[in-house]
Structure formats: C-alpha cells, structure tokens
Amino acid sequence: MATPEAAPLGAGASLDAPARLLLRALQAGPDGARRGLGVLRARSRRGEPFAWGGFLDALCREEPVVQGPDGRLELRPLLLRLPHLCQRNLLSLLMSVRPSLPERGLLRVLHAAQQDPASVPDAWLRALGELLRRDVGAELCARGASPLSERCQKELQGLCRRLDQGCRNLKLCQAPEPEEEEGDRDSQHPGKRRKEPKEEPADPEEERALKRFRVSQRDGEGHCEERPEPQSLASLADGGGTSPPRNQPVLGSETCEAGQNPEEAKGPVESVALPRAVQDQVPRLQQLLKTFGEGLEGLGDAPPVELQLLHECSPSQMELLCAQLQLPGLSDTALLRLCTCLLALDPGLSIISATVLARSLFLERILSLTSSASRLLRTALTSFCASHTYPICRALLGPLLQDPGTGPAQTELLCYLMKDKSLEPDARALILGEVLGLSWKEDVFMVLQALLEQQVEISPEKFAILMDRLCKEGLAATASTAYAKLMLTLMSKYQASITETQRLGLAVALEPNTTFLRKSLQAALRHLAR
C-alpha cells in the first residue's frame, strides 16, 4: 500500500480519502508503519487532523465476503480482510500514536483482531495485540500474560538450554516472584558473585598472573561442546514463534569454535513450503492458466476464487508458487487474462506480492524479446503498471535498464510504457525517482525522454537533482543522439522550471556536443536566456 497504488480493499468506498491513503501506505512491505506515520505527519503539518474514530469503526465493520474454495459467505470485519503484513503495520502504527487514539475504538479493533479464524494465528499480530492491550490498561490483559505464544516460549526455552550446554555465560533467565527475587538471585547464578569494590593487585607480578588466569578461562569457555542442531526458523514460525529482525543473526547459528570450517558452521537451511490451502489448489490453478491460454473470452468476469489464496502466501512462498505454476512460460493471451484477474482481486495485491508477481510474469519474458512486443504483452504490462507502479519500478524498470542484454525491443517497450496515458501523475513522478537512482546509458536516455515528454510533475528538489545529473552526463555523452534529444525535450517542456544557474550549467554541458542536433541545442539555450 505505500505508493500510488490502488487501495487494497474493494470496500474502500466506505472510507474517506485520508483513510484510503493511510491504508495504501501501510501495505508498503516491512516499511509500511513508518510510511503510514509519514502520512499522518504530513496531514498534521497542514493542520488536518486524522479522523481516528471513523477509521477505527470502519475497520471493525463486518461485511459479507466470499471465503474458501467452496465460495461460502461469511461476515468478517474489514481489519481481517487486510493481508497479515498490512495488519502488522497497522497495529505497529497504532502503538506509536496510542495517546491520540479513542480508547473505545482501539478496544473494538483489538477485539476484532482476536476473531481471526486462522488455525495458526499470526505470531506478530498476537504479540502486537497483547502489547497494545497492556498500553490501554493492565486490567484488559491477563495477569502475567506474555506477548509470545506458549509454543514460542517453549521453543525459546529449549534454544536457551541448548546454548547453555556449551557456553556457560548464557543462562536461561526466568522472571522470579517479587518476594523471592532477592533470596533467589544468588541461587539462580551460582557462579556469579555480587559486585564488590575492586581491589588493586598486591604487585605487578600478581596482576600478570591474574590476567593469565582470565585468558585461560575464556579460552576454555570458547570451545563449545557438540549439541543438537537448532530447529529451523520455519518450525518456529509454524508454532507461533516470532521471526528475528532482518539482518540480525539468530542465536545458535554461529559456531563457538574460531577455527571451524565455514561450510560446517552453516545452520539448517530454511525450507519453504506453500500453505496447505494453497498447495491443494495448485492443480486447479494450473488448469485455470491453461484455460486462460485458450482465448480472451470472459475477460471482464470476476476473478476466480482460487486467486484469493495468493493473499495467504509470504514473499518466498509466492516465488515458489510462481515457479510451480511456470508463470514465465505463459502465453501472452494467458498473461493478459491473468493480469486482468489479478487487478480485480478484492482486497488487492500487497506491494510485496505484486513485486514478486511482476518479476515472474514480465522480467524474463521481456528480456527474451528479439522484436517488438505483442499488443497483448503491451496491454498486460501497462494495465499492471497503472495499478502497481511501485512493484513495476522495483521488479522491472531498474533490472531492465541495467541489464547488459537490454536491446532495442526492450527499450521500445519501456518507452511505450512511459507514454501510457493511464499512468497517474504521481506514478510518473515515482518512475522518475527510480530512474534518477540508476546509472545512465543510451537506453536510459531514451526512456527518460519518453517519460519527460509527458510533462511529469516534478518537485523543485527532484528537478535540481535531475538537472545536476544531466549536466554531469553531458561531458561524457557528447556524441549521443539520445542525450541530445533528451536535452531538447527538457528545455522545451520544462523551460519555466530552469533557473539561471541551471541554464549556465546546461551551456557548459552542451558546449562539446558533436551530434547533428548541436545547432538546435544552442538555439534552445539562447531561447532560455530571453
């Protein structure tokens, strides 16, 4: 939801525009909570407070929805219709703005979150919900309740015990009773003494002996005994455990022996498996894709209910599903029908799911082009990009423009995409920001010119970055016709935005140009000076 994409819910008509914008931001992957907070701060700077009461009530409002392969109708609140990642980001955001929330509305949301019929509840949602209940009031949560599930607590205790077998410095800490805390402190840590004032060694020789003893003690503790391998993260997650933060090592995954072979130090590889409900429907989905390839009949029909199961997949599971369905090998006819169904899903695809699907559906197909793309492929790509601009930028635009195999066919298709009239102004600005972050070459000049011809709405800050990049590239692109055409487009379409300092920079960059457009470039520069 972060970025200029369609709201993730078909019932969005019942929400006002600020609420829909907030929901879009919350679906921006793991960064969604921070983006949602940015939306709220932007409204606050404009003096427009967010209507939390109506928003929280709308999240709890029950509506009939189709569930499961049998197409049964159930009443479910809007909150439970959102993808799990969006729900996590929402609860994280509610924790950060807790003082400004109406308590009644927050309690209703927490109650609705507990009604999730999933057989294995999401561990992060359970933990966030428990922490929010503690913030609302101690009387609202069970005394001593932990945000971790019972299975997760057992797994964590088992992991600590296994670590403690070889490394004496790691102890399994358990919360003592308040009245016993003082008395049990020494018994829980038999090898640890209370801190006492440090005494100076009697002489230097005694000090050196003490240091040698400490070093030998550390060396003895550094060699860990062989112990059972820890379970994979997948088993922890299945039991309701919480996954570790990104880029943070998992305890027990590193060897204690410094000289151990790196290959032997690797822990068990995390296995990826599809959810049971999705795996059972794989044959049906394969048959559905085969039917899609037989023609475009029924293009405007409602999406098959099996596609709703895509919301149950994590990013790695989505990649596995795409591989099992062999999406890169679909015909252009099947591709267009599938994209039409994906765009009609209610709720819509998350940012991460759309990125994985865009990469699987389009990247390999476009890189393999040796001639102009078919009309069906162009239609599928432009319609998907209009609704999921950010995933297209991440999955296609950067990889295609940086791939050494990109040729005229790929560049032509990207230029066609830039000129598509269905792209919203904020989508074009998003694409421009993605292009500014790439290294530039001839293909990038052509795509950038096609984009700037559409009169992109550019902020002064971003326009200054664009001008700086163009002036620097001019000294290395003196013989590039694509660069010269790009500069002509810029000076004609964005004349009012070019400052005097930027005009002088353009004059220096275009002076060594040797293309047949040199005279036209100089004429455009003189026109800017008027």
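Residues numbered from 1 in each chain as written. Predicted model: local features only at pLDDT ≥ 70, side-chain atom pairs only at ≥ 80, totals over all residues. Heavy atoms only, no water.

## Side note on the overall build of the protein
No. 1: Tallying secondary structure elements over the protein gives 26 helices and two strands in all.
No. 2: For the protein, buried positions account for 42% of its 530 residues.
No. 3: Contacts spanning at least 24 positions in sequence make up 73% of the contacts within the protein whose residues lie at least 6 apart.
No. 4: Summed over all atoms, the accessible surface of the protein reaches about 29200 Å², with 52% contributed by carbon and sulfur. (Helix = DSSP H or I, 4+ residues; strand = E, 2+ residues; numbered from the N terminus. Buried < 20%, exposed > 50% of the residue type's maximum accessible area, 1.4 Å probe, protein only. Contact = heavy atoms within 4.5 Å. Areas by Shrake-Rupley, 256 points an atom, 1.4 Å probe, with all protein chains shown as cover.)

## Digging into the nonpolar core
No. 1: If you look at the biggest cluster of nonpolar residues, it comprises 95 residues, and the most contacted ones within it are L361, F362, L466 and M491.
No. 2: Among the elements that make up this core, the one with the highest residue count is helix α17 (residues 351-367) (eight residues).
No. 3: Other than its neighbours up to four places away in sequence, L361 contacts L327, L330, L335, L338, C339 and L342.
No. 4: Counting 31 residues, the second-largest nonpolar core is a separate cluster that includes L79, L93, L101 and L110. (Core = buried A, V, L, I, M, F, W, Y, C linked by side-chain atoms within 4.5 Å.)

## Re unusual backbone geometry
No. 1: Not every positive phi belongs to a glycine, and Q326 is a case in point at roughly 55°.
No. 2: Secondary-structure assignment places Q326 in the loop between α15 (315-325) and α16 (332-343).
No. 3: Q326 gets classed as exposed once you look at its relative accessible area, which sits at 58%.
No. 4: Phi at Q455 is positive, roughly 55°, even though this residue is not glycine.
No. 5: Here Q455 shows up in the loop between α22 (442-452) and α23 (460-474).
No. 6: By relative accessible area, Q455 is classed as partly exposed at 44%.

## Topic: the packing of helix α3 (residues 52-60) against helix α6 (residues 103-113)
No. 1: One can describe the packing of α3 onto α6 by two numbers: an axis separation of 9 Å at closest approach and a directional angle of 20°. In terms of orientation, α3 lies roughly parallel with respect to α6. Every pair of crossing elements has a handedness; the one defined by α3 and α6 is left-handed. The segment α3 lies against α6, with L56, D57, L59 and C60 engaging R104, G105, L106, R108, V109 and A112.
No. 2: Of the residues belonging to the contact of α3 with α6, the class tally is six nonpolar, one polar and three charged. (Axes fitted to C-alpha atoms, helices over the stretch in contact; angles between N-to-C directions. Parallel < 35°, antiparallel > 145°, perpendicular 65-115°, else oblique. Left-handed = near helix turned anticlockwise from the far one by under 90°. Nonpolar A, V, L, I, M, F, W, Y, C, P; charged D, E, K, R; others polar.)

## Considerations on the environment of G129
No. 1: Here G129 lies in helix α7 (residues 123-136).
No. 2: Along the sequence, G129 and L110 sit 19 residues apart, while their C-alpha atoms lie 6.3 Å from each other.
No. 3: Excluding its chain neighbours within four sequence positions, the residues that come into contact with G129 are L91 and L110.

## Description of the pattern of salt bridges
No. 1: Per the stated rule, a full pass over the model turns up twelve salt bridges.
No. 2: Between R43 and E48 there is a salt bridge whose closest N-O contact spans 3.4 Å.
No. 3: R43 sits in the buried class, given a relative accessible area of 14%.
No. 4: Salt-bridge contacts for D332 lead to R365; the nearest nitrogen and oxygen are separated by 3.2 Å. Linking D332 in helix α16 with R365 in helix α17, this pair joins segments that are 33 residues apart in sequence.
No. 5: Take D332: its relative accessible area is 23%, and that puts it in the partly exposed class.
No. 6: Residue class for R365 comes out buried when judged on its relative accessible area of 9%.
No. 7: Connected through salt bridges with shared partners, the residues D57, R104 and R108 form a single ionic network. (Salt bridge = Lys/Arg side-chain N within 4 Å of Asp/Glu carboxyl O.)

## Observations concerning the confidence of the model for the protein
Detail in the predicted coordinates should be disregarded across regions flagged by low pLDDT.
No. 1: With 72% of its residues at a pLDDT of 70 or more, the protein has an overall mean of 76.
No. 2: Of all the helices and strands in the protein, helix α11 (residues 233-238) carries the lowest mean pLDDT, 35, while helix α20 (residues 408-418) carries the highest, 95.
No. 3: Scored below 50 in pLDDT, residues 1-12 makes 54 contacts in the model with residues more than four places away or belonging to other chains.
No. 4: Note that pLDDT drops below 50 for residues 170-203; the model gives that stretch 13 contacts with residues more than four away or on any other chain. (pLDDT = per-residue confidence, 0-100.)

## Section: α17
Each turn of an α-helix holds 3.6 residues, which means side chains three or four residues apart point in the same direction.
No. 1: In this model, α17 (17 residues) spans 23 Å end to end at C-alpha, consistent with the 24 Å of a helix rising 1.5 Å per residue.
No. 2: If you look at α17, its biggest bend is around 30°, right at R359.
No. 3: Within α17, 13 of the 17 residues are buried, leaving the element largely enclosed by the surrounding structure. (Expected span 1.5 Å × (residues − 1). Bend = angle between axes of the 7 residues up to and from the residue.)

## A few points about the environment of L381
No. 1: Mapped onto the secondary structure, L381 falls in helix α18 (residues 375-387).
No. 2: When its relative accessible area of 1% is taken as the criterion, L381 is described as buried.
No. 3: A sequence separation of 42 residues divides L381 from C339, and the C-alpha atoms of the two residues are 8.5 Å apart.
No. 4: When near neighbours in sequence (up to four residues on either side) are disregarded, L381 contacts F362, I366, I392, L396, L413 and L417.

## Some remarks on the packing of helix α14 (residues 282-292) against α16
How two helices pack is summed up by the angle between their axes together with the distance between the axes.
No. 1: Their axes nearest at 8 Å, the elements α14 and α16 cross at an angle of 120°. Note on element contacts: α16 touches α14 through T333, A334, R337, L338 and C341, opposite L289, T291 and F292.
No. 2: Residues that form the contact of α14 with α16 fall into these classes: five nonpolar, two polar and one charged.

## Re the packing of aromatic side chains
No. 1: Enumeration according to the criterion identifies seven aromatic pairs in this entry.
No. 2: An angle of 70° between the planes, with centres 5.5 Å apart, marks the rings of F50 and F55 as edge-to-face.
No. 3: Taken together, the ring pairs in this structure connect F50, W52 and F55 into an aromatic cluster.
No. 4: Stacked on the ring of Y390, the Lys or Arg R35 has its end atom at 5.8 Å from the ring centre.
No. 5: Lying over the aromatic face of W440, R469 brings its terminal NZ or CZ to 4.1 Å of the ring centre. (Phe/Tyr/Trp six-rings, centres within 6.5 Å; stacked < 30°, edge-to-face > 60°. Lys NZ or Arg CZ within 6 Å of the ring centre and 35° of its normal.)

## Quick word on the side chain of Q281
No. 1: Locating Q281 in the fold gives a position in the loop between α13 (276-280) and α14.
No. 2: Residues in contact with Q281, not counting those within four places in the same chain, are P69, E306 and L309.

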